[in-house]
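Descriptive structure summary
Residue-level listing of the chains:
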Amino acid sequence: MSLLEIHNLKKHFPVGEALFSRNKAVVKAVDGVDLSVEEGETLGLVGESGCGKSTLGRAILRLIEPTDGEVFFQGKNLLTMSQRELRDMRRQMQIIFQDPYASLNPRMRVGDIVGEGIEIHKLAKGRAKRDRVMELLHQVGLREEHYDRYPHEFSGGQRQRIGIARALGVSPSFIVCDEPVSSLDVSIQAQIINLLQELQEKMHLTYLFISHDLRVVEHISHRVAIMYLGKVVEIAKSDTIYRDARHPYTRALLSSVPVPDMNRKKQRVLLEGDVPSPVNPPSGCSFHPRCSYRAAICDQTEPPLDFNSESHGVACHVFGPIKRA
Ligand code: SF4
């Protein structure tokens, strides 16, 4: 049994006047996603901004209520749990946010920020709580003297370390890392990714690592899922995605990743047009207006996510997964 299993998860948001009208227009931010994450695994979730990946992360944790579907964590369906059961389960499931500037309360001291979850879940108090916070600060590369300081006294990378310590405070087993390095300098990004990897090994953590940048998820992810307009269009082991991507959208994303080796020049695949509106997504394959490989069937029929025996899934009529005999 996987640690996390998602079946046909949907999150639709009503828009504008439709909020009160009978003919409801909706933004299909997440539109029927099936995924599983194994214990100790990092699943990278990649797509352009607005593709629904952050909404998916929040819907899994029920920080926003899904419209439909099922989310099983350790075999229990989170969507049928009472608020009380969910509160207990939340100890196991944490989130690290993108913006370390906005996600920390500027009026709270670091010790209180990191210790908040420990207090809410009654895991320790007094001296024991302070010792636990000190231990967490140490684990994320901060020092004892940081305990009484405020978030504005830290750099972006240090603030993200505080966010990580806060998430670890309740000893979770699963963490949604929602673009945790997107707002940081490239050199700091590497430090935070290395830290997350070290912590994963030490604490046997499982991550859903969300990013708009395939380069960022390359080293941390065991598998990578590519999202486009609320759906997963390709999923495979990391090395398969980077070596043998099939979906034209994945290939376009990969072609925009810079290669450090001057002898390995890549042909840049330019995407045609903008991302279509999720209120009125294109018929058939929702990528077809931007796809230079589209065939007659592509605007008629939606391609299913088809898997081969190596669990490489591709939703494309033309470039399905290679099935070996
Ligand atoms: Fe392109 Fe057709 Fe494949 Fe969609 S199904 S990605 S339009 S080739």
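Keep in mind the model is a prediction, meaning the values are calculated, not measured. (Residues numbered from 1 in each chain as written. Predicted model: local features only at pLDDT ≥ 70, side-chain atom pairs only at ≥ 80, totals over all residues. Heavy atoms only, no water.)

For the rest of this paragraph, the subject is the overall build of the protein. Along the protein, the regular secondary structure elements total 9 helices and 12 strands. Compactness check: the protein gives a C-alpha radius of gyration of 21 Å against a globular reference of 20 Å for 325 residues, within 12% of the reference. With respect to the principal axes defined by its C-alpha atoms, the protein has extents near 70 × 60 × 40 Å. Taking all 325 residues of the protein together, 48% fall into the buried category. (Helix = DSSP H or I, 4+ residues; strand = E, 2+ residues; numbered from the N terminus. Rg over C-alpha atoms; globule rule 2.2 N^0.38 Å. Buried < 20%, exposed > 50% of the residue type's maximum accessible area, 1.4 Å probe, protein only.)

This model, assessed by the stated rule, comprises 13 salt bridges. A salt bridge links R223 to E41, with the nearest nitrogen and oxygen atoms 2.5 Å apart. Taken together, the positions of R223 in strand β9 (residues 223–228) and E41 in the loop between β2 (26–37) and β3 (42–46) put the pair 182 residues apart, joining distant regions of the chain. Judged by relative accessible area, which is 18%, R223 ranks as buried. (Salt bridge = Lys/Arg side-chain N within 4 Å of Asp/Glu carboxyl O.)

As a matter of local geometry, the ligand sits amid H247, P248, C285, F287, H288, C291, Y293, R294, C298, C316, H317 and V318. The class makeup of the residues in the shell around the ligand is 8 nonpolar, 3 polar and 1 charged. (Near = heavy atom within 4 Å. Nonpolar A, V, L, I, M, F, W, Y, C, P; charged D, E, K, R; others polar.)

Attention shifts here to the sheet that holds β3. Strand order in the open sheet formed by 8 strands is β6-β7-β8-β3-β9-β10-β12-β11, and the pairing between neighbours is mixed. Strands with a single pairing partner mark the edges of an open sheet, and in this sheet they are β6 (93–96) and β11 (306–307). Two elements, β3 and strand β8 (residues 206–211), share 5 bridges in a ladder whose sense is parallel. Directly across from G44, in β8, lies its bridge partner F209. Helix-sheet contacts for helix α1 (residues 53–60) involve β3, β6, β7 (174–178), β8 and β9, and the interaxial angle to β8 is about 150°. (Pairing = 2+ DSSP bridges. Contact = heavy atoms within 4.5 Å. Axes fitted to C-alpha atoms, helices over the stretch in contact; angles between N-to-C directions.)

Residue placement: Q160 occurs in helix α5 (residues 156–168). Accessibility expressed as a relative area gives 1% for Q160, which makes it buried. When neighbours within four sequence positions are excluded, Q160 is seen to be in contact with I96, F97, Q98, P100, P180, L184 and I192.

With that settled, the discussion passes to the sheet that holds strand β5 (residues 76–77). Sheet strands pair by backbone hydrogen bonding; their relative direction is either parallel or antiparallel. Reading across from one edge, β2-β1-β4-β5 is the order of the 4 strands in this open sheet, with antiparallel pairing throughout. In the strand order of this sheet, the two ends are held by β2 and β5, each with one partner. Examined bridge by bridge, strand β1 (residues 4–14) and β2 share 9 bridges and lie antiparallel to one another. Bridge assignment links H12 to a residue of β2, and that residue is K28. α1 rests against β1, β2 and β4 (68–73) of the sheet, and its axis sits at about 115° to β1.

Let's shift gears to the environment of G284. Among the structural elements, G284 can be located in the loop between α9 (248–255) and β11. Relative accessible area serves as the criterion here: at 16%, G284 is assigned to the buried category. Distance in space between the C-alpha atoms of G284 and C298 is 5.7 Å, their sequence separation being 14 residues. In this structure, G284 is in contact with C298, D299, Q300, T301, E302 and P303, ignoring residues within four places of it in sequence.

As a further point, take α5. The periodicity of an α-helix, 3.6 residues per turn, causes residues three or four positions apart to be oriented the same way. For α5, built from 13 residues, the straight-helix expectation of 18 Å at 1.5 Å per residue is met to within 8% by its first-to-last C-alpha distance of 19 Å. For α5, the buried fraction is high: 11 of the 13 residues fall into the buried class. Buried residues along α5 sit in contact with β6, α3 (110–120), α4 (126–139), β7 and α6 (186–203). (Expected span 1.5 Å × (residues − 1).)

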